[in-house]
Amino acid sequence: MAGEPQADCLFCKIVAGDVPADIVRESATTVAFRDINPQAPTHVLVVPRAHYRDAASLAAAEPHIMADLLCEAAAVAVDEKVDETGYRVVFNTGSGAGQTVWHTHAHVLGGRGMEWPPG
Ligand code: AMP
Ligand code: ZN
């Protein structure tokens, strides 16, 4: 069923507590934890508890959870004190764009200058 945990999904395992992670925030619908391979001084992933393969799939099926994800990303930025200096929220979608984990996740990146266009 859409949104149900997947046995072979790393982020479902983190949500369930079966794989350890450095969790910084939790809500009824989301979990936020530090990226294991940080690309900036602040690099936190915000994931829905429900399993969807990418941001668009989540938004189409459960738009209120997508809104929760973006609110939690903003709350992470405040917690990490990067809200005033600026931060970037990234959803890599598809392998050509760098997606490697097929459970929706927002990257929250901050604490350094950001280039545009992105690499
Ligand atoms: P993406 O490449 O956009 O799919 O992002 C997946 C992210 O998950 C990468 O930035 C990885 O460094 C990160 N990652 C992979 N395994 C873990 C883990 N066990 N705990 C935290 N972050 C992870
Ligand atoms: Zn999952």
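In the block above lies the structure referred to throughout.
Source: prediction; values computed, not measured.

Caption draft 1: Fine view of helix H3 (residues 63–79). Here H3 spans 24 Å end to end across 17 residues, near enough to the 24 Å set by a 1.5 Å rise per residue. Along H3, the residues that are buried comprise Ile65, Met66, Leu69, Glu72, Ala73, Ala75, Val76 and Ala77. Buried positions along H3 lie against strand S1 (23–26), strand S2 (30–34), strand S3 (42–48), helix H2 (55–61), strand S4 (87–90) and strand S5 (106–110). Where H3 ends, the next residue or the one after it, lysine 81, has phi of about 60°, a positive value.

Caption draft 2: Structural context of a nonpolar patch on the surface. A surface patch of nonpolar side chains, about 230 Å² in accessible area, is lined by Leu70, Tyr87 and Val89. The residue tyrosine 87 is located in strand S4 in this model.

Caption draft 3: Main features of the coordination of the zinc ion (ligand 2). Within the protein, Cys9 (SG), Cys12 (SG), His51 (ND1) and His103 (ND1) serve as the donor atoms for the zinc ion (ligand 2), at 2.1 to 2.3 Å. Coordination at the zinc ion (ligand 2) comes from four donor atoms whose angles at the metal span 108 to 115°, giving a geometry best classed as tetrahedral.

Caption draft 4: The site of ligand 1, seen in detail. Lining the immediate environment of ligand 1, one finds 16 residues, of which Asp35, Asn92, Gly98, Thr100 and His107 sit closest. Here a nitrogen atom of ligand 1 and a backbone polar atom of isoleucine 36 are 3.2 Å apart. Note that an oxygen atom of ligand 1 is positioned 2.9 Å from one of the side-chain N or O atoms of asparagine 92. When isolated, ligand 1 has an accessible area of 510 Å², and the protein chains bury 83% of it. Looking at the shell around ligand 1, the elements that each hand over two or more residues are helix H1 (10–16) and S2. The greatest single-element share of the shell around ligand 1, amounting to three residues, is contributed by H1.

Caption draft 5: View of the packing of aromatic side chains. Applying the stated criterion to the full structure yields one aromatic pair. Consider the rings of phenylalanine 11 and phenylalanine 33, whose centres lie 5.3 Å apart with planes at 75°: the pair is edge-to-face. You can see phenylalanine 11 sitting in helix H1 and its partner phenylalanine 33 sitting in strand S2, a full 22 residues away along the chain. Side by side, phenylalanine 11 and phenylalanine 33 carry an identical accessibility label, which is buried.

Caption draft 6: How the structure looks around the side chain of aspartate 35. Following the sequence through the fold, aspartate 35 ends up in the loop between S2 and S3. Of the side chains with opposite charge, arginine 34 comes closest to the buried, unpaired aspartate 35, at an N-O distance of 11 Å. Non-local contacts of aspartate 35, meaning those with residues more than four positions away in its chain, are made with His43, Val44, Leu45 and His107.

About the criteria used
- Residues numbered from 1 in each chain as written.
- Chains lettered and ligands numbered in written order.
- Predicted model: local features only at pLDDT ≥ 70, side-chain atom pairs only at ≥ 80, totals over all residues.
- Heavy atoms only, no water.
- Helix = DSSP H or I, 4+ residues; strand = E, 2+ residues; numbered from the N terminus.
- Expected span 1.5 Å × (residues − 1).
- Buried < 20%, exposed > 50% of the residue type's maximum accessible area, 1.4 Å probe, protein only.
- Contact = heavy atoms within 4.5 Å.
- Patch = residues over 30% accessible without salt bridge, like charges linked within 9 Å, V, L, I, M, F, W, Y side chains within 5 Å.
- Areas by Shrake-Rupley, 256 points an atom, 1.4 Å probe, with all protein chains shown as cover.
- Salt bridge = Lys/Arg side-chain N within 4 Å of Asp/Glu carboxyl O.
- Donors = N, O, S within 2.8 Å, 3.2 Å for Na, K, Ca; no water.
- Tetrahedral: all angles 85-135°; square planar, octahedral: opposite > 155°, others 65-115°.
- Near = heavy atom within 4 Å.
- Polar contact = N/O pair within 3.5 Å; in protein donor to acceptor, adjacent residues only side chain to side chain.
- Phe/Tyr/Trp six-rings, centres within 6.5 Å; stacked < 30°, edge-to-face > 60°.
- Lys, Arg positive; Asp, Glu negative; His and termini not counted.

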